Amino acid sequence: MDNYTNHLRPLAPRQAEALTHRARGLSNRETAQAMQCSVTNVTNLLTECFYKLHARNSTDAVAKAVKHGLIQFALIASVLSGIGTDAQEQLRTRIQRRPTIRTIRTRNNREGIV
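All of these numbers come straight from a predicted model, not from anything done at the bench.

Asks: Can you walk me through the overall build of the chain in this structure?
Replies: In terms of helices and strands, the chain carries eight helices and zero strands. From first element to last, N terminus to C terminus, the chain shows the α and β order α-α-α-α-α-α-α-α. Burial analysis of the chain (114 residues in total) assigns 30% to the buried set. Of the contacts made within the chain by residues no fewer than 6 positions apart, 57% connect residues no fewer than 24 positions apart.

Have a look at this one:
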């Protein structure tokens, strides 16, 4: 385990559940319905996830949680493979984000652009 991983605090079961719903592309309201709690509760759970994972946003939190085994990617993949093409397109649209400088540099490196 590297030094960075030692600084991550484990997620509580409800926090991991909320983050897994976010990984599936659900909004706070949809997550609250799935978890049978309030939207405020979901917001608080996700905020605590961001803090524990040193994440800036949901995408960053999901990536770090999957990378460090705090949520299971297999569960996310099985959910995604079980939905229809219309739902997949909606999900892709919902989770798309503007490219960051890091993303642009990575793309340029792959394409051989300096």
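Asks: Just checking my understanding: could you explain helix H5 (residues 58-67) for this structure?
Replies: For an α-helix, the turn length of 3.6 residues means that residues three or four places apart are oriented alike. Listed in full, the buried residues belonging to H5 are Ser 58, Asp 60, Ala 61, Val 62, Lys 64 and Ala 65. Capping the start of H5, Asn 57 holds a side-chain oxygen 3.2 Å from the backbone nitrogen of Thr 59, two or three residues further along. Backbone geometry just after H5 places Gly 69 at a positive phi near 75 degrees.

Asks: Hey, could you run me through the environment of Leu 46 in this one?
Replies: As for its placement among the helices and strands, Leu 46 is situated in helix H4 (residues 39-53). Looking at Leu 46, the relative accessible area reads 3%, which means it is buried. C-alpha of Leu 46 to C-alpha of Asn 28: the two residues are 18 residues apart in sequence and 9.2 Å apart in space. What Leu 46 contacts, discounting residues up to four positions off in sequence, is Ala 18, Leu 19, Arg 22 and Asn 28.

Asks: Explanation requested: helix H2 (residues 13-23) in the structure shown.
Replies: For H2, a buried count of eight out of eleven residues is recorded, marking the element as mostly surrounded by other parts of the structure. Along H2, the positions that sit buried rather than exposed are Gln 15, Ala 16, Ala 18, Leu 19, Thr 20, His 21, Arg 22 and Ala 23. Two residues or fewer after H2 comes Gly 25, characterised by a positive phi angle close to 95 degrees.

Asks: Explain the confidence of the model for the chain to me, please; I cannot follow it from the model alone.
Replies: Detailed conclusions should not be drawn from predicted coordinates in areas where pLDDT is low. Here the chain shows a mean pLDDT of 75. Residues at 70 or above account for 58%. Ranking the elements of the chain by mean pLDDT puts helix H1 (residues 3-6) last with 49 and H4 first with 94. Here residues 1-5 is modelled with pLDDT under 50, and outside its nearest four sequence neighbours on either side it reaches six contacts, counting other chains as well.

Asks: Just to check I follow, could you spell out the nonpolar core for this structure?
Replies: The tendency in soluble globular proteins is for nonpolar side chains to be buried side by side. Leu 11, Leu 19, Leu 46, Leu 53, Ala 61 and Ile 71 are the most contacted members of the largest nonpolar core, which has 20 residues in total. Among the elements of the structure, H2, helix H3 (28-35), H4 and H5 are those that each provide at least two residues to this core. A per-element tally of this core places H4 first, with six residues.

Asks: Teacher, can you tell me more about unusual backbone geometry here?
Replies: For residues other than glycine, phi is negative in most cases, and the peptide bonds are mostly trans. At Gln 36, a position not held by glycine, the phi torsion is positive, near 55 degrees. Here Gln 36 lies in the loop between H3 and H4. Unlike most non-glycine residues, His 54 shows phi in positive territory, near 55 degrees. Here His 54 lies in the loop between H4 and H5. Residue classification places His 54 among the partly exposed positions, given a relative accessible area of 44%.

Criteria and thresholds
- Within each chain, residue numbers correspond to sequence positions counted from 1 in written order.
- Thresholds applied to this predicted model are a pLDDT of at least 70 for local features of residues and 80 or more for the giving and counting of side-chain atom pairs; totals over whole chains, interfaces and linings are not thresholded and use all residues.
- Derived side-chain values reflect all non-hydrogen atoms in the structure, with water molecules and hydrogen atoms excluded from consideration.
- Labels follow the DSSP assignment, with helices taken as runs of H or I lasting at least four residues and strands as runs of E lasting at least two, numbered in each case from the N terminus.
- Type-normalised accessible area, obtained with a 1.4 Å probe on protein chains alone, sets the label of each residue: buried when under 20%, exposed when over 50%, and partly exposed for intermediate values.
- Contacts are assigned to residue pairs with any non-hydrogen atoms lying within 4.5 Å of each other.
- Under this definition, polar contacts are N or O atom pairs within 3.5 Å; protein pairs additionally need one hydrogen-donor-capable and one acceptor-capable atom, and for neighbouring residues in sequence, both atoms have to be side-chain atoms.
- Note: pLDDT gives the predictor's confidence per residue, expressed from 0 to 100.
- Residue types Ala, Val, Leu, Ile, Met, Phe, Trp, Tyr and Cys, when buried and joined through side-chain atoms within 4.5 Å, form a set referred to as a nonpolar core.

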